[in-house]
Amino acid sequence: MTTYLDRYTAQAQRIRAYEGWLRSSAPGAMALRWLLGPGQWASNTAIYRLAEGLKLDAKTRLLDIGCERGAVLRLLDDQLHCEVPPVGLDFSRAMLEQARLDDPNTKRDAGLVQGSGIAMPFRDATFNLVTCGYVLHDLDDDEVRALFFEVGRILEPGGLAVIWDFGPTGNRTLDAWNERVVATGGSTPRLRSNTTLRRLASDVGFPFTRYADLRPFLLPPIPRASIIVGRPPAGFDPSKL
Ligand SMILES: C[S@@+](CC[C@H](N)C(=O)[O-])C[C@H]1O[C@@H](n2cnc3c(N)ncnc32)[C@H](O)[C@@H]1O
């Protein structure tokens, strides 16, 4: 039986390997450093329209899981001027230090929290919006379920989670190539479709799961899967969806 400690240890090892690889001069690491920082417009193009698409406002209580350098957090907070400072969670302390260096708005520093998405250090129903981009491909199915379970716990009823990651093309050769492209220093990425992501979310009891159809994403030229999941408010009737 896999214990919480086994999971935590496995994640810690993966994150250490990731940090080491990302600091290296491997061409993939250099490209990713750019995509996670100044190149956000290319790697997270669709997220620039998320606030408008979901009609978000300053009342949004945002958590970004796997926030890395905090680019998604800053982008949304700069658009929304959140009344409650947004929170960025990342397993990697080194990435959070970089996020602090990147951000001219020091008020947001307190919202950067080190911890795991599969056992989050937050109270139940703390947030009404969760974002999580490019984290799941490094997790196995049980870890993804554990993360979704946690998302359901920390979302308030009526809150939404928007999740996106690299998806499959349906062509085995191309998918094998794309897995190599997104592998970070020896990791074994999993490209999951919208259907698979929705199934994993349903497995942990989300009654509300939808294909989010986020696009475009300019770089790298690999398809994305994106879903929206939510904890329904009182009186919600899934048959009316
Ligand atoms: C590819 S980056 C995603 C960056 C950011 N979300 C974006 O869209 O630009 C993946 C990040 O997820 C973090 N991460 C991976 N597994 C995690 C976990 N279980 N809990 C929290 N953070 C995790 C890594 O440390 C890394 O910073």
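See above for the structure.
Residues numbered from 1 in each chain as written. Predicted model: local features only at pLDDT ≥ 70, side-chain atom pairs only at ≥ 80, totals over all residues. Heavy atoms only, no water.

### Here we look at the overall build of the chain
What the chain contains, in helices and strands, is 9 helices and 7 strands. Relative to the 2.2 N^0.38 estimate, which gives 18 Å for 241 residues, the radius of gyration of the chain is 17 Å and therefore close to what a compact globule would have. Taken over 241 residues, the chain has a buried fraction of 49%. Across the chain, every contact between residues at least 6 apart in sequence was considered, and the portion connecting residues at least 24 apart equals 76%. Accessible surface computed for the chain: about 12000 Å², of which carbon and sulfur atoms make up 56%. Side-chain charges of the chain comprise 29 positive and 28 negative groups, with the mean position of each set lying 2 Å from the other. (Helix = DSSP H or I, 4+ residues; strand = E, 2+ residues; numbered from the N terminus. Rg over C-alpha atoms; globule rule 2.2 N^0.38 Å. Buried < 20%, exposed > 50% of the residue type's maximum accessible area, 1.4 Å probe, protein only. Contact = heavy atoms within 4.5 Å. Areas by Shrake-Rupley, 256 points an atom, 1.4 Å probe, with all protein chains shown as cover. Lys, Arg positive; Asp, Glu negative; His and termini not counted. Charge placed at Lys NZ, Arg CZ, Asp CG, Glu CD.)

### What to know about the sheet that holds strand E1 (residues 62–65)
With mixed pairing, 7 strands are arranged side by side in an open sheet as E3-E2-E1-E4-E5-E7-E6. Lying at the two open borders of the sheet, with one neighbouring strand each, are strand E3 (112–114) and strand E6 (208–211). Averaged over all pairs of adjacent strands, the angle between their axes in this sheet comes to 20°, without regard to strand direction. Looking at chain direction, strand E2 (residues 87–90) and E3 are connected through 3 bridges and run parallel. Paired with Leu89 across the bridge in E3 is Val113. Running at roughly 150° to strand E5 (residues 155–166), helix H7 (residues 141–154) makes contact with E1, strand E4 (127–133), E5 and strand E7 (224–230) of the sheet. Where helix H9 (residues 194–203) meets the sheet, it contacts E6 and E7, and its direction lies at approximately 25° from that of E7. (Pairing = 2+ DSSP bridges. Axes fitted to C-alpha atoms, helices over the stretch in contact; angles between N-to-C directions.)

Purely geometric numbers; function is a separate question.
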